[in-house]
Amino acid sequence: MPESNPLPYAGVRVVEFTHMVMGPTCGLLLADLGAEVIKVEPIEGDSTRRLLGSGSGFFPTFNRNKKSIALDLKTPEGVEAALRLVATADIVSENFKPGTMKKLGLDYDSLKQLNPRLIYVSHKGFLPGPYDHRTALDEVVQMMGGLAYMTGRAGDPLRAGTSVNDIMGGMFGAIGAMAALRQRELTGKGCEVQSALFENNVFLVAQHMMQFAATGKAADPMPSRISAWAVYDVFTVKDGEQIFLAAVSDKQWAIFCKAFGLEEMLADPRLKTNNDRVLAREWMMPILRSHLAGYSAAELSAVFEQNELPFAPITKPQQLFDDPHLNATGGLAPVRMNDGHMAKVPLMPFTLDGERPGIRLQPPHIGEHTAELLKEVGYSDEEIAAFEARRAGAAG
């Protein structure tokens, strides 16, 4: 962004004690918006760096624009260094098991004595209550919070295809931190912010809860639901390709029928309104599927786009690297992966004054900024050398 228009959280310092996805997402959002985010890692580094399989991309995805300091929080020296950093911070963020930070003397009640203006963000499985002793995971809360039921077919609950609660829970932690910064402007005092996976999941399924409240009828899982729109489905077409097609209004239905030579269906009084067509889906959809089966997905895409009708190719995540829109709009930025090679990562899905907040710092190496940060909080060169020697010994 232009120098005359600095990022909104420039000058805000965040110290995060986080790993995996939820806590790092909070720091990522604040970092992308200009905050100085300092990641406190164990001497051997955040274990997220070493995940395999579905977790192998976590670290480079959620840790750009951050600095790293490596401290052994099991030693008094490590805790003392962390406390010195916290004394300079506006925000502390953590997502460890309940009680972990208290054992270290890094819980909110302890730190607010050191820094009354501190904003302390805790990311947990549950907000305080009967469940708060349980160990939570994204999949756990999806199962107990109605999301897996709504995503899978009847009798086959299925977790959503991404870490929706971890990511959104971290976002709500960041939103809470933003609100707390504004409150601090008014009161001069910091406060504790809590964000939780389970409550986030319940927020996501609120529309289905409220459907029941409004109608007295339980929401069916998505695969077996009665859609509010008549044409709103995945079609299998030429060469086995699949494409999602929709016509969600009477105007769109008319355009759709004219575009594909379906004038008889357009004139059929049984299909006059959207609600009529919803009730007629059992016999109408096989006709439409048969009529469209000879088209390729590309041909259907072209007709739908030309006529401003909703459509979507069925895309795999790895195909998004080559998406022309994402590449043309700067939605993907070069990022350093754990092994050092460069890839592309999605940026935040919004613009500020026409620009996407970008990558200022690549995901840090373990303890990359240890020396400079220790020096900043008053450690001598000799003390810093001792820290680095302990880290090198542990890493070796």
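See the structure printed just above.
Described below are features of the structure shown in this document.

Some words on the nonpolar core
Here's step 1: Counting 25 residues, the largest nonpolar core has V15, F17, I69, L71 and V92 as the members making the most contacts within it.
Here's step 2: Counting residues per element, the ones that place at least two in this core are β1 (13-17), β2 (36-41), α3 (76-87), α5 (108-114), α17 (370-376) and α18 (381-395).
Here's step 3: No other element matches the 4 residues that α3 contributes to this core.
Here's step 4: Not counting chain neighbours up to four residues away, the residues in contact with L71 comprise V40, E41, P42, I43, G78, A81, A82 and F387.

Describing the sheet that holds β1
Sheet strands associate in pairs through backbone hydrogen bonding, adopting either a parallel or an antiparallel arrangement.
Here's step 1: Strand order in the open sheet formed by 6 strands is β3-β2-β1-β4-β5-β6, and the pairing between neighbours is parallel. Either end of the sheet is taken by a strand with one partner, and the two such strands are β3 (66-70) and β6 (192-196). Direction aside, neighbouring strands of the sheet carry axes that sit 20° apart on average.
Here's step 2: Along the sheet, helix α1 (residues 22-32) makes contact with β1, β2, β3, β4 (91-94), β5 (119-124) and β6, crossing β5 at roughly 140°.
Here's step 3: Strands β4, β5 and β6 of the sheet are contacted by helix α8 (residues 164-187), whose axis makes an angle of about 160° with β5.

Side note on the packing of aromatic side chains
Here's step 1: In total, this model carries 14 aromatic pairs according to the counting rule given.
Here's step 2: Ring centres of F172 and F203 lie 5.5 Å apart, and the angle between their planes is 80°; this geometry places the pair in the edge-to-face category. Taken together, the positions of F172 in helix α8 and F203 in helix α9 (residues 197-204) put the pair 31 residues apart, joining distant regions of the chain.
Here's step 3: Residue classification places F203 among the exposed residues on the basis of a relative accessible area of 55%.
Here's step 4: Taking the centre distance of 5.9 Å and the plane angle of 35° together, the rings of W253 and F256 count as tilted. Of the two residues, W253 and F256 both sit in helix α11 (residues 250-259), 3 residues apart, roughly one turn of that helix.
Here's step 5: Judged by relative accessible area, F256 falls into the buried class, the value being 1%.
Here's step 6: Joined through ring pairs, the aromatic side chains of W253, F256, F260, Y295 and F304 make up one cluster.
Here's step 7: One cation-aromatic arrangement involves R270 over W283; the distance from NZ or CZ to the ring centre is 4.1 Å.
Here's step 8: Positioned above the aromatic ring of F235, the side-chain terminus of R289 is 4.9 Å from the ring centre.

Concerning the pairing of strand β8 (residues 242-247)
Here's step 1: Pairing analysis gives 6 bridges linking strand β7 (residues 231-236) to β8, with the strands arranged antiparallel. Across the sheet, the residue bridging to V234 is F244, located in β8.
Here's step 2: Linking β7 back to β8 in an antiparallel pair, the connection comprises 5 residues, with D239 at a positive phi of about 60°.
Here's step 3: For β8 and strand β9 (residues 311-313), the ladder comprises 3 bridges, and the chain directions are antiparallel. In the sheet register, F244 faces β9, and the bridge partner there is A312.

A short note on the side chain of R184
Here's step 1: Among the structural elements, R184 can be located in helix α8.
Here's step 2: Non-local contacts of R184, meaning those with residues more than four positions away in its chain, are made with D90, R117, K189 and G190.

Digging into the side chain of N200
Here's step 1: Relative to the helices and strands, N200 resides in helix α9.
Here's step 2: When neighbours within four sequence positions are excluded, N200 is seen to be in contact with V164, N165, M168, G169 and F172.

Some details on a nonpolar patch on the surface
Here's step 1: Taken together, Y131, L137, V140 and M144 make up a surface patch of nonpolar side chains, about 320 Å² in accessible area.
Here's step 2: On the secondary structure map, M144 appears in helix α6 (residues 138-144).

Topic: the packing of α8 against α9
For any two helices packed against each other, the geometry comes down to the angle between their axes and how far apart the axes lie.
Here's step 1: Axis separation between α8 and α9 bottoms out at 9 Å; the angle between their running directions is 100°. By the criterion of interaxial angle, the relationship of α8 to α9 is roughly perpendicular. Between α8 and α9, the contacting residues are V164, N165, D166, M168, G169 and F172 on the first element and L197, N200, N201, F203 and L204 on the second.
Here's step 2: Looking at the contact of α8 with α9 residue by residue, the classes come out as 6 nonpolar, 4 polar and 1 charged.

Digging into the environment of P116
Here's step 1: Inspection of the secondary structure puts P116 in the loop between α5 and β5.
Here's step 2: C-alpha of P116 to C-alpha of G331: the two residues are 215 residues apart in sequence and 39 Å apart in space.
Here's step 3: Ignoring sequence-local partners within four residues, the contact set of P116 consists of K189 and G190.

Considering the pattern of salt bridges
Here's step 1: On inspection of all chains with the given rule, the structure shows 19 salt bridges.
Here's step 2: When the shortest N-O distance is used, the salt bridge between R159 and E139 registers 3.6 Å. In this pair, R159 is assigned in the loop between α7 (147-151) and α8 and E139 in helix α6, connecting sequence segments 20 residues apart.
Here's step 3: On the basis of relative accessible area, R159 is assigned to the partly exposed category, the value being 25%.
Here's step 4: Among the ionic pairs, R270 bridges to D268, the shortest N-O distance being 2.8 Å.
Here's step 5: Residue D268 is classed as buried on the basis of its relative accessible area, which comes to 15%.
Here's step 6: In the salt-bridge network here, residues are joined through shared partners; they are R13, E36, K67, E372 and E376.

Some thoughts on unusual backbone geometry
Here's step 1: Residues other than glycine seldom take positive phi values, yet D239 does so here, at roughly 60°.
Here's step 2: Position of D239 relative to the elements: it lies in the loop between β7 and β8.
Here's step 3: One non-glycine residue, D353, lies in the positive phi region at around 55°.
Here's step 4: Here D353 is to be found in the loop between β11 (342-346) and α17.
Here's step 5: Owing to a relative accessible area of 66%, D353 belongs among the exposed residues under this scheme.

What counts as what
- Residue numbering note: each chain is counted from 1, following its sequence as written.
- Confidence filtering applies because this is a predicted model: local features only for residues at pLDDT of at least 70, side-chain atom pairs given and counted only at 80 or more, and all residues used for totals across whole chains, interfaces and linings.
- Calculated side-chain values reflect all of the structure's heavy atoms, with hydrogen atoms and water omitted.
- Grouping buried Ala, Val, Leu, Ile, Met, Phe, Trp, Tyr and Cys residues that are joined through side-chain atoms within 4.5 Å yields what is termed a nonpolar core.
- Three exposure classes are used, based on accessible area relative to the maximum for each residue type with a 1.4 Å probe and protein chains only: buried under 20%, partly exposed in between, and exposed over 50%.
- Helix and strand definitions here come from DSSP, where helices need a minimum of 4 consecutive H or I residues and strands a minimum of 2 consecutive E residues; each element is numbered from the N-terminal end.
- Whether two residues are in contact is decided by their heavy atoms: any pair within 4.5 Å suffices.
- Whether two strands pair comes down to DSSP finding at least two bridges between them.
- Fitted lines through C-alpha atoms give the axes, limited to the stretch in contact for helices. The angle between two N-to-C directions lies from 0 to 180 degrees.
- Two rings belonging to Phe, Tyr or Trp (six-membered ring only in the last case) form a pair when the distance between their centres is within 6.5 Å. Interplanar angles under 30 degrees mark stacking, angles over 60 mark edge-to-face geometry, and anything in between is tilted.
- Note on geometry: a ring has a charge over it if NZ (lysine) or CZ (arginine) is within 6 Å of the ring centre and within 35 degrees of the ring normal.
- Patch membership requires more than 30% relative accessible area and the absence of a salt bridge. Residues of like charge join within 9 Å; the nonpolar side chains Val, Leu, Ile, Met, Phe, Trp and Tyr join within 5 Å.
- The method behind every accessible area is Shrake-Rupley, applied with a 1.4 Å probe, and residues are considered shielded solely by the protein chains displayed.
- Here, a salt bridge means any Lys or Arg side-chain nitrogen found within 4 Å of an Asp or Glu carboxyl oxygen.
- Angles below 35 degrees are treated as roughly parallel, those above 145 as roughly antiparallel, those between 65 and 115 as roughly perpendicular, and all remaining angles as oblique.
- Just so you know the grouping, Ala, Val, Leu, Ile, Met, Phe, Trp, Tyr, Cys and Pro go in nonpolar, Asp, Glu, Lys and Arg go in charged, and all remaining residues, Gly too, go in polar.

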